[in-house]
Amino acid sequence: MHIVMASPEVTPYSKTGGLADATSALAKELANLGHEVKIFSPLYLAASENNDEIENTGLKFKVSLGRRDREGEIWKKGNFYFIRNDHYFLREGLYGANDREYEDNAERFIFFSRAVLEAIKIMGVKTDIVHCHDWQSALVPLYLKYVYSDCSEMKDAVSVFTIHNLAYQGLFPRETMDIMGISPDFFSIEALEFYGKVSFIKGGLIFADVLTTVSKKYSREIQEKEMGCGLEGVLIKRKKDLYGIANGIDYEEWNPATDKYLPFNYDSGDLSGKKKCKDKLKKVFNLPDLGDLPIIGMISRLDLQKGFEIILKSEEKLASLPLQMVFLGNGSEKIRCLLEKVAKRHPNKFAVFIGYNEPLAHLIEAGSDIYLMPSKYEPCGLNHLYSLKYGTIPVVRATGGLDDAIVNFNRKSGRGNGFKFKTFSSRALMAALNGALDLYMNNKGEWERLQKAAMAEDHSWNDSAHKYERLYKTTLERK
Ligand code: ADP
């Protein structure tokens, strides 16, 4: 099949979260299965500065945005295709700076969505599947159906839209319709309107031929009021076209035996490298050696979604336990200040590193004993899966992809691969964490067995890429 992916982020060129890893790894896996895959994303500042190997194809196009035309260029490296427009994309942040979204985000991603289809046209690529991701490319299915349907390259194509996080919807003022190049009739409840605003994500939810989201549990959760973000009605209507397919992880990037960022590699046959990574981690975070205490790690966007509310509420209880904790994250200024205050009050127990830092993320996965993910909601999540591979036992809240992948450890049967709690509360979190601490402190043999079993699990893309392949095929056959 000829597959075109449209994604606002792609690892290793641009990333604010799991979406970037997921789209790049899926594209790679589908290519390994023998498909022709092209993955499109904007050419942001970071990618263009650090990569002279991205080449100009010489192909140019124009997109009309209301009364203004904007030009774009197509750049390329391997099967990564980049939409270049320096006015829109040559900026410090991907979607905003200094805690504020860019004011022209609607225009930037209308441009991107149309640019991908323009690119298919001028490159003359006969396309079977157009697979788009999140609100930034959610208008592509609509444009494909109503603006580019006569185009010979795309007339038989079907569209797939993947929801990586329903809470980010791309909501913009009604006037946005003026630059979209489609009939104003699309501003209706049956199409793009959402309580008086234009909702980009509805473009995907309503007009894509098939919908997916990144775990089975989340696919059910978003059809309910609590997590449906006001779109549960739309999702219930499309229930039969909505599939939950879990993200996998890329073991070429995330494998402690080969990880290029680690000072010491290790595998389940010999965990001594993990212990050395732990010593290094303490040094990097300036934590004193207090004996054999477990390190609890966390790498995350600083966002309430990730459960910081209940972590902060647990401060004193956590501080009184035999553990040390390291946080790596960036995002909300408020959460940052609160975490830094916690670290100041308990400098021997908590340490925080603010910023985005890929090598440090790998060291935390390797050097920690326990990985904490108390998310309020979690469409799929990746770090619990990395953690399993690194022998770092996850403590998670039973939501979305965390609930699907983590089985609560049962002392009697020895089954399970982590510790899990249901209620979103400090109390429930502490109960699960205490279970993990107890096993770590009092039964090292069982702890090591748990680590080794976790490391042997397979959460690669293999299975999920086959599921996508089958879904593409059946959707094409249905058309
Ligand atoms: P989300 O997409 O909701 O942020 P995921 O768990 O799906 O959450 O993916 C987060 C990804 O981003 C993981 O690969 C994680 O390691 C990475 N990440 C998050 N914050 C940072 C950071 N500050 N530095 C390095 N990597 C980070």
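Report follows, based on the coordinates. These figures come from a predicted structure and were not determined experimentally.

Criteria and thresholds
The residue count restarts for each chain, going from 1 along the sequence in the order it is written. Local features in this predicted model are restricted to residues whose pLDDT is 70 or higher, and side-chain atom pairs enter the listing and the counts only when it is 80 or higher, whereas totals over whole chains, interfaces and linings include all residues. Only hydrogens and water are removed before side-chain values are computed, so all heavy atoms of the structure are retained for them. A run of H or I in DSSP counts as a helix once it spans at least four residues, and a run of E counts as a strand once it spans at least two, with each numbered from the N terminus. In protein, a polar contact means a hydrogen-donor-capable atom and an acceptor-capable atom, both N or O and within 3.5 Å, with residues adjacent in sequence counting only if both atoms are side-chain atoms; elsewhere, any N or O pair within 3.5 Å suffices. Any pair of residues with heavy atoms lying within 4.5 Å of one another is described as a contacting pair. DSSP-based pairing: two strands are paired if at least 2 bridges between them are found. Axis geometry follows a simple rule: fit a line to the C-alpha atoms, using only the stretch in contact for helices, then measure angles between N-to-C directions, giving values from 0 to 180 degrees. By convention in this text, a residue qualifies as near a molecule or strand provided that one of its non-hydrogen atoms is within 4 Å of it. Only the protein chains shown count as cover for residues, and the accessible areas themselves come from Shrake-Rupley with a 1.4 Å probe. Remark: exposure states derive from per-residue accessible area (1.4 Å probe, protein chains only) relative to the maximum for the residue type, with buried under 20%, exposed over 50%, and partly exposed in between. With strands facing away from the observer, any crossover in which the path from the first strand over the helix to the second runs clockwise is taken as right-handed. Here a helix's expected span is defined as the number of its residues, less one, multiplied by 1.5 Å. Aromatic rings from Phe, Tyr and Trp, taking only the six-membered ring of Trp, are treated as a pair when their centres fall within 6.5 Å; an angle between ring planes under 30 degrees marks them as stacked, one over 60 as edge-to-face, and anything in between as tilted. Charges are assigned to positions over rings by a cutoff of 6 Å between ring centre and Lys NZ or Arg CZ, combined with an angular limit of 35 degrees from the ring normal.

Inspection of the secondary structure assignment puts Asp250 in the loop between β14 (242-244) and α10 (272-284). From its side chain, Asp250 meets the backbone nitrogen of Glu252 in a polar contact 3.0 Å long. Here Asp250 is in contact with Ala25, Lys28 and Trp461, once residues within four sequence places are set aside.

It is worth spelling out the sheet that holds strand β4 (residues 68-77) at this point. The mixed open sheet is built from 9 strands, whose spatial order is β3-β4-β5-β2-β1-β8-β9-β13-β14. For this open sheet the edge positions go to β3 (55-65) and β14, each flanked by a neighbour on one side alone. Sheet twist, expressed as the mean angle between neighbouring strand axes with direction ignored, is 25°. As defined by bridge partners, strand β1 (residues 2-6) adjoins strand β2 (residues 36-42) across 5 bridges and the pair is classed as parallel. Bridge pairing links Met5 to Ile39 in β2.

What follows concerns the site of the ligand. In the neighbourhood of the ligand, 20 residues make up the surrounding shell, with Gly18, Arg301, Lys306, Gly355 and Asn357 lying closest. In this structure, Lys15 approaches the ligand through a side-chain N or O atom, which is 3.0 Å from an oxygen atom. Interatomic distance of 2.8 Å between a side-chain N/O atom of Lys306 and an oxygen atom of the ligand. With the chains in place, 93% of the 570 Å² that the ligand exposes on its own is no longer accessible. Among the secondary structure elements, those contributing two or more residues to the shell around the ligand are α1 (18-32), β15 (295-302), β16 (324-331) and α15 (383-389).

Counting buried residues in strand β8 (residues 129-133) gives 5 out of 5 residues, a clear majority hidden from the surface. Residues of β8 alternate between two faces, with Ile129, His131 and His133 on one and Val130 and Cys132 on the opposite face, all of them buried. Here β1 runs beside β8; their pairing, made up of 4 bridges, is parallel. Within β8, the residue paired with Ile3 across the bridge is Ile129. Of the strand pairs in this sheet, β8 and strand β9 (residues 158-163) are connected by 5 bridges, and their pairing is parallel. Bridge pairing in β9 places His133 opposite Thr162. Handedness of the β8-helix α5 (residues 140-146)-β9 crossover: right-handed.

For α1, which comprises 15 residues, the first-to-last C-alpha distance of 21 Å matches the rise-based estimate of 21 Å (1.5 Å per residue) to within 8%. Backbone geometry just downstream of α1 places Gly34 in the positive-phi region, at approximately 100°.

This brings us to the environment of Asp404. Along the chain, Asp404 falls in helix α16 (residues 400-405). A relative accessible area of 39% places Asp404 in the partly exposed class. For Asp404 and Cys380, which are 24 residues apart along the polypeptide, the C-alpha to C-alpha distance reads 8.7 Å. Once you skip the residues sitting within four places of it in the chain, Asp404 turns out to touch Ser215, Lys216 and Lys217. Here Lys217 takes part through its backbone nitrogen, which lies 3.0 Å from a polar atom of the side chain of Asp404.

Moving on to the packing of aromatic side chains. Tallied over the entire structure, the rule returns 25 aromatic pairs. Seen from their ring centres, Tyr13 and Phe82 are 5.0 Å apart, and the 85° between their planes marks the pair as edge-to-face. Pair noted here: Tyr13 is in the loop between β1 and α1 and Phe82 is in strand β5 (residues 80-84), with a separation of 69 residues, a long-range link. The burial state of Tyr13 is the same as that of Phe82; both residues are buried. Connected via pairs of aromatic rings, a cluster forms that spans Tyr44, Phe61, Tyr88, Phe89, Tyr95, Phe109, Phe111, Phe112, Trp135, Phe172 and Phe200. Over the ring of Trp75 we find Arg84, and its NZ or CZ is 4.7 Å from the ring centre. Taking NZ or CZ as reference, Arg114 lies 5.0 Å from the ring centre of Tyr143, over its face.

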